[in-house]
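Chain by chain, the residues run as shown.
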Amino acid sequence: KDCRVFELNLSEKNLRSFPKSALKIKTLKKLNLSDNEIGSVPAEIKNLENLEELNLESCNLKALPKEIEKLKNLKVLNIAGNGGFGTKAIPIQIPETIKDLKSLEVLDVSSNTDQLGLDKESNKMMFSEFKLPDAIGDLENLKVLISNYNRTPLPETVTNLKKLEKVQMYGG
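Residues numbered from 1 in each chain as written. Predicted model: local features only at pLDDT ≥ 70, side-chain atom pairs only at ≥ 80, totals over all residues. Heavy atoms only, no water.

To continue, consider the nonpolar core. Core analysis: the biggest nonpolar cluster contains 36 residues, and Leu54, Leu56, Leu71, Leu77, Leu101 and Leu107 have the highest contact counts within it. Excluding anything up to four places from it in sequence, Leu77 contacts Leu54, Leu64, Ile98, Leu101, Leu104, Val106, Leu107 and Asp108. (Core = buried A, V, L, I, M, F, W, Y, C linked by side-chain atoms within 4.5 Å. Buried < 20%, exposed > 50% of the residue type's maximum accessible area, 1.4 Å probe, protein only. Contact = heavy atoms within 4.5 Å.)

Below, the structure written as structure tokens:
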């Protein structure tokens, strides 16, 4: 029989890499890989062209592949809590190709800034630098943007987001 899988939840499964088998499920609409140490997302993510929700929260990601642009039906992207911790923190890189996610309605980039430690000269806490790309302003259907207050500067292009209804800022 023809088996169609629409939702796959692999959160908190102690995965150390992106499950390649998930890339073969063409009918997939929701993929949750949160709270795993997958480290990277393969370029083949582009094969999941029916994907509407992708949860990659707390996956120790350093970057999203530029091929993310091929996910034309993606409505929800959660990449919160990535980039490592402590002195090894490297903020996640979001490619400019994110601008091609024209269906995207919700983007969560919160908690992508982490404490690096105390600066001995100024005696102030240092944080890793996370920046949203200017291309964020091309996400014409974005309704909700979730970010960090005072640590993730919003690019001026955010003013282009005519459908933006809510900006949630966390932290301090």
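Once the structure has been displayed, the description carries forward.
Here we take up the side chain of Glu67. Summarising the element assignment, Glu67 is placed in the loop between β3 (53-55) and β4 (76-78). Side-chain polar atoms of Glu67 contact the side chain of Lys66, separated by 3.4 Å. Residues in contact with Glu67, not counting those within four places in the same chain, are Ala43 and Lys46. (Helix = DSSP H or I, 4+ residues; strand = E, 2+ residues; numbered from the N terminus. Polar contact = N/O pair within 3.5 Å; in protein donor to acceptor, adjacent residues only side chain to side chain.)

For Glu69, the location among the structural elements is in the loop between β3 and β4. Put simply, Glu69 is tucked away with no salt bridge, and the nearest opposite charge, on Lys70, sits 4.3 Å away. Among residues more than four places away in sequence, those in contact with Glu69 are Thr97, Asp100 and Leu101. (Lys, Arg positive; Asp, Glu negative; His and termini not counted. Salt bridge = Lys/Arg side-chain N within 4 Å of Asp/Glu carboxyl O.)

On to the pattern of salt bridges, then. Taken as a whole and assessed by the stated rule, the structure comprises 4 salt bridges. Between Glu52 and Lys29 there is a salt bridge, with its nearest N and O atoms 3.5 Å apart. Residue Glu52 is located in the loop between β2 (30-32) and β3, and its partner Lys29 is located in the loop between β1 (7-9) and β2; the two are separated by 23 residues in the primary sequence. Overall, Glu52 belongs to the partly exposed group, its relative accessible area being 25%. When its relative accessible area of 32% is taken as the criterion, Lys29 is described as partly exposed.

Quick look at a nonpolar patch on the surface now. The grouping of Leu154, Val167 and Met169 at the surface amounts to a nonpolar patch, some 200 Å² of accessible area in total. Its place among the elements puts Val167 in strand β9 (residues 166-170). (Patch = residues over 30% accessible without salt bridge, like charges linked within 9 Å, V, L, I, M, F, W, Y side chains within 5 Å. Areas by Shrake-Rupley, 256 points an atom, 1.4 Å probe, with all protein chains shown as cover.)

The subject of this paragraph is a positive patch on the surface. Residues Lys46, Lys70, Lys72 and Lys102 make up a contiguous surface patch of positive charge. Mapped onto the elements, Lys102 comes out in the loop between β4 and β5 (106-108). Among the residues examined, Lys102 registers a relative accessible area of 32% and is labelled partly exposed. (Charge placed at Lys NZ, Arg CZ, Asp CG, Glu CD.)

Moving on: unusual backbone geometry. Apart from glycine, the bulk of residues carry a negative phi angle, and the bulk of peptide bonds sit in the trans form. Positive phi, close to 60 degrees, is recorded for Asn14, a residue that is not glycine. Locating Asn14 in the fold gives a position in the loop between β1 and β2. Here Asn14 falls in the exposed class, since its relative accessible area comes to 65%. We note that Asn60 has phi near 60 degrees; this positive angle belongs to a residue other than glycine. Its location among the elements puts Asn60 in the loop between β3 and β4. Residue classification places Asn60 among the partly exposed residues on the basis of a relative accessible area of 27%.

Turning our attention to the environment of Glu57. Mapped onto the elements, Glu57 comes out in the loop between β3 and β4. Residues Glu57 and Ala80, 23 residues apart in the sequence, show an inter-C-alpha distance of 4.7 Å. For Glu57, the residues in contact, after removing those within four places along its chain, are Ser34, Asp35, Asn78, Ala80 and Asn82. Polar contacts involving the side chain of Glu57 include one to the side chain of Asn78, which spans 3.1 Å.

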